[in-house]
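Summary of the model geometry
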Amino acid sequence: MSNATQLIHSIPVDPQTGAISVPIYQTSTFVQEAPGVNKGYDYARSNNPTRATLEQIIAQLEKGHTGVAFGSGLAAIDAVLKLLQAGDEIIAVDDIYGGAFRLFTHIYEKFGIKVTYVDTTKAENVFDAVTPNTRLIWLETPTNPTLKISDIAAIAKIAKASRCLLCVDNTFASPALQQPLTLGADIVIHSATKYLGGHSDLIAGLVVTREKELGDKIKFIQNASGAILAPFDSWLVIRGIETLHLRVKQHSANALAVAKYLQQHPLVDSVYYPGLETHHNHEIAKQQSKGGFGGVVSFNLKNDTEEAAISFVTQTQYFKLAESLGGVKSLLCHPANMTHKSIPAEKRRSSGVSDSLIRLSVGLEEAEDLLADLEQAFEKVASKQLKATKTV
Ligand SMILES: *Cc1c(COP(=O)(O)O)cnc(C)c1O
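Residues numbered from 1 in each chain as written. Predicted model: local features only at pLDDT ≥ 70, side-chain atom pairs only at ≥ 80, totals over all residues. Heavy atoms only, no water.

In the nomenclature of an unreviewed UniProt entry, the chain corresponds to PLP-dependent transferase from the organism Filimonas effusa. Annotation of the chain in UniProt includes, under Cofactor (unreviewed entry), the sentence "pyridoxal 5'-phosphate". UniProt's Sequence similarities (unreviewed entry) comment on the chain is quoted here verbatim: "Belongs to the trans-sulfuration enzymes family." (UniProt positions renumbered as here; feature names shortened; annotations may be inferred.)

A few points about the UniProt feature "coiled-coil region" (unreviewed entry) in the chain
In the UniProt entry, the feature "coiled-coil region" (unreviewed entry) is given for residues 357-387. Strand forms 16% of residues 357-387 and helix 68%; the C-alpha atoms that close the span are 23 Å apart. (Helix = DSSP H or I, 4+ residues; strand = E, 2+ residues; numbered from the N terminus.)

Overview of the UniProt feature "modified residue: N6-(pyridoxal phosphate)lysine" (unreviewed entry) in the chain
Sequence positions flagged by UniProt for "modified residue: N6-(pyridoxal phosphate)lysine" (unreviewed entry) are, in local numbering, Lys194. Its place among the elements puts Lys194 in the loop between β6 (187-191) and β7 (205-209). Of the residues examined, Lys194 reaches a relative accessible area of 10% and is grouped as buried. Excluding anything up to four places from it in sequence, Lys194 contacts Thr171, Ser324, Leu325 and Gly326. (Buried < 20%, exposed > 50% of the residue type's maximum accessible area, 1.4 Å probe, protein only. Contact = heavy atoms within 4.5 Å.)

Focus on the site of the ligand
Looking at the ligand, the residues that line it are Ser72, Gly73, Leu74, Tyr97, Glu140, Asp169, Thr171, Phe172, Ser191, Thr193, Lys194 and Ala204. At a separation of 2.6 Å, an oxygen atom of the ligand approaches a polar side-chain atom of Thr193. Lys194 is positioned with one of its side-chain polar atoms (N or O) 2.7 Å from an oxygen atom of the ligand. When isolated, the ligand has an accessible area of 380 Å², and the protein chains bury 93% of it. Classifying every residue of the shell around the ligand gives four nonpolar, five polar and three charged. (Near = heavy atom within 4 Å. Polar contact = N/O pair within 3.5 Å; in protein donor to acceptor, adjacent residues only side chain to side chain. Areas by Shrake-Rupley, 256 points an atom, 1.4 Å probe, with all protein chains shown as cover. Nonpolar A, V, L, I, M, F, W, Y, C, P; charged D, E, K, R; others polar.)

Focus on the pairing of strand β2 (residues 89-93)
Counted residue by residue, β2 has five buried out of five residues, so it is predominantly covered. Note that β2 and strand β3 (residues 114-118) share five bridges and pair parallel. Within the sheet, the bridge partner assigned to Ala92 lies in β3 and is Tyr117. Where the polypeptide runs from β2 across helix α4 (residues 98-108) and back to β3, its parallel neighbour, the crossover connection is right-handed. Sheet analysis places β2 next to strand β4 (residues 134-140), joined by four bridges and oriented parallel. Within β4, the residue paired with Ile91 across the bridge is Ile137. (Pairing = 2+ DSSP bridges. Right-handed = clockwise from strand over helix to strand, strands pointing away.)

Description of the sheet that holds β7
The strand order across the open sheet formed by seven strands is β1-β7-β6-β5-β4-β2-β3, and the pairing between neighbours is mixed. Each having just a single partner strand, β1 (66-70) and β3 make up the two edges of the open sheet. Within the sheet, the average angular offset between the axes of one strand and its neighbour, ignoring direction, is 20°. Where β4 and strand β5 (residues 165-169) come together, five bridges link them in parallel fashion. (Axes fitted to C-alpha atoms, helices over the stretch in contact; angles between N-to-C directions.)

Describing the packing of helix α3 (residues 73-81) against α4
For the pair α3 and α4, interaxial distance at closest approach is 10 Å and the crossing angle is 45°. Viewed along their axes, α3 and α4 adopt a mutual orientation that is oblique. Between α3 and α4 lies a crossing of right-handed hand. Where α3 abuts α4, its residues Leu74, Ile77, Asp78 and Leu81 lie against Gly99, Ala100, Arg102, Leu103, Phe104 and Tyr108. (Parallel < 35°, antiparallel > 145°, perpendicular 65-115°, else oblique. Left-handed = near helix turned anticlockwise from the far one by under 90°.)

Focus: helix α2 (residues 49-61)
Over its 13 residues, α2 runs 18 Å from end to end, which matches the ideal 18 Å to within 8%, given 1.5 Å per residue. The element α2 is largely enclosed, with a buried count of 11 among its 13 residues. Within α2, the full set of buried residues consists of Pro49, Thr50, Arg51, Ala52, Thr53, Leu54, Glu55, Ile57, Ile58, Ala59 and Leu61. Its side-chain oxygen at 2.8 Å from the backbone nitrogen of Thr50, Asn48 defines the N-terminal cap of α2. Of the residues trailing α2, Lys63 is marked for its positive phi of about 55°. (Expected span 1.5 Å × (residues − 1).)

Written out as structure tokens, the structure reads:
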């Protein structure tokens with residue numbers, strides 16, 4: 001059975017009524033026959049049938065044992081960090097999502113958890129950073145926003161040998177392209193706000209564990225801390241997942257067309273996209289990401305100024321200026337002033353996020369319309385610069 005067929009049929013028909021769409025159980029509690037005797041549900045923070053269906057679907061999609069659905073991607077990350085205790089250490093990818101950096105630094109460091117950031121694109125850097133206190137290795141691949149690729153299987157081996165957990169934030173690839181648990185990771189997290197939801201209409205997070213034992217711990221943490229996903233939002237994510245494979249295929253095809261266009265453009269300096277043969281880890285990306293390289297492309301303008309980048313991002317018509325990614329409509333943003341503002345400038349620049357970097361979330365419009373939109377923005381920026389030099 002192909003992945004798409006498996007995906008579509010992993011969404012169950014309601015056994016009670018035959019409803020082909022998963023019912024939304026908008027309830028806080030469940031009536032019991034006798035104390036502790038119930039139909040598998042007692043209180044909706046602990047469990048809810050709509051959320052439980054989403055959790056089963058994502059576990060299947062990621063080829064894991066247990067799925068757990070949270071109120072946001074950051075709540076999912078937060079639950080994984082609560083597996084740790086004071087004195088434990090994390091090794092994290094240096095080009096990490098800004099919100100994850102903020103959570104690690106401003107919340108967890110004060111509870112005695114130390115985080116070391118390394119360039120994980122070379123697995124040996126991870127090996128060198130392991131200490132006797134390392135408990136968790138945190139990867140994103142591709143990273144946000146410079147699309148760095150790390151070798152999940154190689155780093156999983158290091159994690160195993162060092163007896164620590166490997167968690168992969170799989171938001172950018174989505175399970176339609178990449179399944180880190182099959183490459184040896186212990187935990188996958190998602191901001192389902194992005195490709196899984198797919199329509200820029202919800203905030204949600206997911207955790208999937210390879211083993212039952214770890215899944216039980218995450219469920220315990222969720223019930224104890226309370227950051228659950230609501231029934232309606234669970235239903236929206238399920239609805240998004242129904243078309244995940246189709247959407248991600250088209251996002252990837254459009255993004256490759258955009259990356260190739262940018263690569264030959266005279267006003268563009270560097271293009272970051274794992275699907276380009278010039279990408280530093282293109283071969284690894286090809287091995288671990290099947291059927292495409294995702295919908296996010298970043299690039300620098302040739303004169304490399306912040307003003308030119310800001311001017312560019314305000315000139316496009318189809319690419320809307322907004323944070324987030326993975327939706328039907330194309331978006332673009334200026335990470336240094338938007339998504340990555342919470343990372344100190346020096347650290348941000350050293351991880352490759354220059355002040356002129358522009359990130360595109362390539363949507364599902366016709367590729368040629370998107371290229372035309374970018375072209376007219378380049379023309380406007382170029383004529384602005386020409387005027388500026390004339391007045392000098
Ligand atoms: C958006 C994002 C998150 C955070 O998810 P929210 O749903 O916004 O809380 C985490 N990781 C990555 C890679 C993201 O893009």
